[in-house]
Amino acid sequence: MKKGRYSLIEKGYITVIAGPCAIESESQLYAIAKIVKESGLSFLRGGAYKPRTSPYTFQGLETKGLKLLEKAGKEFGLKTVTEVTDADTVQRVADHVDILQIGTRNMSNFALLKKVAKAIHASDKKVILKRGWAATIKEWLLAVEYLTSGGEGAEVVLCERGIRTFEPYTRFTLDLSAVPVIKKLSKLPIIIDPSHATGQSDLVIPMSRAAIAVGADGLIVEVHNTPEKALCDGQQSLNKAQLEEMLKQVRFIANFFDKKIK
Ligand code: PEP
Ligand code: MN
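Procedures and definitions
Residues numbered from 1 in each chain as written. Chains lettered and ligands numbered in written order. Predicted model: local features only at pLDDT ≥ 70, side-chain atom pairs only at ≥ 80, totals over all residues. Heavy atoms only, no water. Helix = DSSP H or I, 4+ residues; strand = E, 2+ residues; numbered from the N terminus. Rg over C-alpha atoms; globule rule 2.2 N^0.38 Å. Buried < 20%, exposed > 50% of the residue type's maximum accessible area, 1.4 Å probe, protein only. Contact = heavy atoms within 4.5 Å. Areas by Shrake-Rupley, 256 points an atom, 1.4 Å probe, with all protein chains shown as cover. Lys, Arg positive; Asp, Glu negative; His and termini not counted. Charge placed at Lys NZ, Arg CZ, Asp CG, Glu CD. Near = heavy atom within 4 Å. Polar contact = N/O pair within 3.5 Å; in protein donor to acceptor, adjacent residues only side chain to side chain. 1 Å grid on protein atoms, 1.4 Å probe; cavity = no way out; pocket = protein on both sides within 12 Å on 5 of 7 lines; lining within 4 Å. Sits in = over half its atoms within 2 Å of the grid points. Nonpolar A, V, L, I, M, F, W, Y, C, P; charged D, E, K, R; others polar. Phe/Tyr/Trp six-rings, centres within 6.5 Å; stacked < 30°, edge-to-face > 60°. Lys NZ or Arg CZ within 6 Å of the ring centre and 35° of its normal. Points joined across faces, edges and corners; volume = space filled by probe spheres on them.

Participant: Looking at this structure, I do not really get the overall build of the protein chain. What am I missing?
Facilitator: When you go through the protein chain residue by residue, the secondary structure sums to nine helices and nine strands. For 262 residues, the compact-globule estimate of 2.2 N^0.38 gives 18 Å, and the protein chain sits close to it at 17 Å. Summarising its shape, the C-alpha atoms of the protein chain cover approximately 40 × 40 × 40 Å along the three principal directions. Residue burial in the protein chain is summarised as follows: out of 262 residues, 55% are buried. Once local pairs closer than 6 in sequence are excluded, the contacts in the protein chain between residues at least 24 apart make up 71%. Accessible surface, the protein chain: about 11700 Å² in total, of which carbon and sulfur atoms supply 54%. Positive and negative side-chain charges of the protein chain, numbering 38 and 29 respectively, have mean locations separated by a distance of 3 Å.

Okay, here's the thing in structure tokens:
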């Protein structure tokens, strides 16, 4: 990937963003960054502020995590993605990280969306807006306008990560029909998060295949060097071998569309 200006989503490519749910330590992040780099990918995800459902679980390394992510991104030549969870830390996140992710719990936090819109205004920062797990497609597309209506054209990408239904077997229900619907209603790219949608690593590969087959522009997946020891979402994280197998299978489907994986 070229230095300087770049696109998260590019014509002729499927973008795969990979990395841990949470940044736990320098050694953990570096081990995972190495896996991501060796897999031929260009984007490293990692949570520094973790919006956990339970207040008694690991909440993230916060500023220390942002600095580790910035350092790992530079050392491995990877663009970095992290979640921004509240309006007060938007600028701090933007100072250290290339791509700001707005999580499902914050899709309708309009004060946060407005702050992010300001921070990315006329900058080279990108934003990933996840769908609220109880949001309709129409609500999601209105939320995204808080980011895009400024007119400066910062790159914004939508992410379907599963919605709440009556089915408890999977963590959420991945709404793959959102992909062709978004393609019909909007010009924005859309990626799929099969990790949070399914909650189970063995379901990530088949749903990744399906996501690309249905026309998604990319994937964001959780990867860990030792998923069984992860402080957060280990059960849905791919290890190195699983990531490689997923990319092999997805590459096959991407070929159908004459697209490469980046
Ligand atoms: C995440 O990507 O780490 C995350 C918390 O995702 P979501 O907002 O989809 O739950
Ligand atoms: Mn997670």
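Continuing now.
Participant: What should I look at first to understand the site of ligand 1 in this one?
Facilitator: Surrounding ligand 1, one finds Arg45, Lys50, Glu83, Gln101, Gly103, Thr104, Arg105, Lys130, Arg161, His196 and Glu222. Residue Lys50 places a side-chain N or O atom 2.8 Å away from an oxygen atom belonging to ligand 1. Within the side chain of Arg161, a nitrogen or oxygen atom sits 2.6 Å from an oxygen atom of ligand 1. Judged by the fraction of its atoms near the pocket grid, ligand 1 is located in the second largest pocket. Split into classes, the residues belonging to the shell around ligand 1 amount to no nonpolar, four polar and seven charged.

Participant: Would you mind going over the packing of aromatic side chains with me for this structure?
Facilitator: The description of two aromatic rings rests on the distance between their centres and on the angle between their planes. Under the criterion given, the structure shown has five aromatic pairs. In this structure, Arg161 is placed above the aromatic ring of Phe172, and the distance from its NZ or CZ to the ring centre is 4.1 Å.

Participant: What's the story with the environment of Ala18 in this structure? I'm lost.
Facilitator: Here Ala18 shows up in strand β1 (residues 13-19). Classification of Ala18 by relative accessible area gives buried; the value is 0%. Each C-alpha atom of the pair Ala18 and Ile205 lies 13 Å from the other, and the pair is 187 residues apart in sequence. The residues contacting Ala18, other than those within four sequence positions of it, are Val36, Leu41, Phe43, Leu44, Arg45, Val221 and Val223.

Participant: Looking at this model, I keep getting lost on empty space enclosed by the protein. Mind explaining?
Facilitator: To find leftover empty space, a probe the size of one water molecule is rolled over the atoms. Within this structure, the stated rule accounts for one cavity of 30 Å³ or more. In this structure, the largest cavity encloses a volume near 40 Å³. If you tally residues by element for the lining of the largest cavity, the top one is strand β3 (residues 79-83), at three residues. Residues that form the lining of the largest cavity fall into these classes: two nonpolar, four polar and three charged.

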